[in-house]
Amino acid sequence: MPPRGSLFTTAAYLDALGESRSACTETGWAPQPSLQGAAPLWAKSHSWGEFVFDQNFARAYQDAGLPYYPKLVCAIPFTPVPGPRLGTEAEHQARLLQEACDEGSFSGAHVLFLPARESTALDPATWLRREDIRYVWHNRDYADFEHFLATLSSKRRKTIRAERRQVDAHGFEICWQAASSFSPADWQRLYALYASTYHMRGQAPYLQAGCLSRWGRAFPEQMQFCVARQDGEIQAMAFFFTDQSRLYGRHWGAARDWPGLHFELCYYRAIEYCIQHRLQLFDAGVQGGHRLLRGFEPELTESRHYFRDTRFQRAISDYLDEERQAVRQQFHTLQQRTAYRKA
């Protein structure tokens, strides 16, 4: 079984980001010589697309008259999925990142969404630990969706069934399609739907035109779409990646706001897919506490941070100590508030 999230460190996945100009110098992701056996390394001129939010650190540097950017980031652009980052020699790789900061103009180095086995190899006094909460669904050998629903509280079962009936009333034809099944015109439509979720918020989409179709060619079966059609036209979609035992939710888009459709495509149909294909875990990503009410459970994720300026290193260390306590408290509270029946 491949390590969790290793699909996103493959050359095929990363090449699509670069070739489509989604992650490049012009978009603030300047590629750096990567450490051998490690995930890609970038010089960042902003903090967008990382999903570990440090804009308050940047403001503190600015208030002190010091530059926060550029910074070194070891991460997969726009992909907040835990996975291999520093490799088997994590401690050695981390020292190389420190040296690159100390010898260059970088304010610090940041390793995002690294696995626990790599994180524990790093010196906590030098590499500050930051935690966040993500949401995952576990397949407990469910026979079907109704079997899964039976494990939830009565209130949550009723709500989910009502949401699904609401979507049924729209008259969509909903099906799963592998990336290999789409035409060039379909890819244009799929990208437009993806981009619309950003345009509605007044933002530019992270992924540029051509990235999705490049992934589709590289992962013809591992990239899966849940598509909703009316009169044969694609009106909404959610796309995912899958490996041998896990499903990873990525993005969705819709031509307009149909009540309940987001939950249906992004969560309920994906849970059904996992049950049908005997996948053990569905990683729905960071943030989004509404997932807790739909059968997902909280999970802690880690990142590590090195700051060249020792004054800021100490101040941020104190801040992160308090933040971790708050995150842990929230995590334990969420564990008690899942949708599942209490024993």
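Report on the accompanying structure.

Procedures and definitions
The written sequence of each chain sets the order in which its residues are numbered from 1. Predicted model: local features are reported for residues with pLDDT of at least 70 only, side-chain atom pairs are reported and counted for 80 or more only, and whole-chain, interface and lining totals are derived from all residues. For the side-chain quantities, the full set of heavy atoms in the structure was used; hydrogens and water were omitted. Secondary structure elements are defined from DSSP: runs of H or I of at least 4 residues count as helices, runs of E of at least 2 residues count as strands, and each element is numbered from the N terminus. We call a residue buried when its accessible area falls under 20% of the maximum for its residue type, exposed when it is over 50%, and partly exposed in between, using a 1.4 Å probe and counting protein chains only. For this analysis, a polar contact is any N or O atom pair within 3.5 Å, provided that within protein one partner can donate a hydrogen and the other can accept it, and provided that sequence-adjacent residues contribute only side-chain to side-chain pairs. Note on contacts: a residue pair qualifies if any of its non-hydrogen atoms lie within 4.5 Å across the two residues. A pair is scored as a salt bridge if a Lys or Arg side-chain nitrogen falls within 4 Å of a carboxyl oxygen belonging to Asp or Glu.

It is worth spelling out the side chain of K71 at this point. By the secondary structure assignment, K71 is in strand β3 (residues 71-74). Under the relative-accessibility criterion, K71 is labelled buried at 0%. Among the polar contacts listed, one links the side chain of K71 to the side chain of S47, at a separation of 3.1 Å. There is a polar contact of 2.6 Å between the side chain of K71 and the side chain of D54. Every residue in contact with K71, bar those within four places of it in the chain, is listed here: W42, A43, K44, H46, S47, E50, D54, F106, S107, G108 and H110.

A few words now on unusual backbone geometry. With an omega dihedral of 5 degrees, the bond running from Y69 to P70 counts as a cis peptide bond. Locating P70 in the fold gives a position in the loop between α2 (55-63) and β3. In this model, R21 sits at a positive phi of 65 degrees, which is unusual for a non-glycine residue. If you trace the backbone, R21 turns up in the loop between α1 (11-19) and β1 (29-32). Even without being a glycine, F113 presents a positive backbone phi close to 55 degrees. Along the chain, F113 turns up in strand β4 (residues 108-114).

Attention shifts here to the environment of L152. With respect to the helices and strands, the residue L152 is situated in the loop between α5 (145-149) and α6 (154-168). Excluding residues that lie within four positions of it along the chain, L152 makes contacts with R157, I160, G295, A339, Y340 and R341.

Moving on, we come to the pattern of salt bridges. Inspection of the entire model under this criterion finds 22 salt bridges. Taking the shortest distance from any N to any O, the salt bridge between E299 and R4 comes out at 2.9 Å. In this pair, E299 is assigned in strand β11 (residues 297-307) and R4 in the segment before α1, connecting sequence segments 295 residues apart. We classify R4 as partly exposed; its relative accessible area is 21%. The residue E323 makes a salt bridge to R130 at a minimum N-O spacing of 2.8 Å. A residue pair is termed long-range when its members are at least 10 positions apart, and E323 in helix α10 (residues 310-335) and R130 in strand β5 (residues 128-138) qualify at 193 residues. In terms of burial, E323 and R130 fall into one category: buried.

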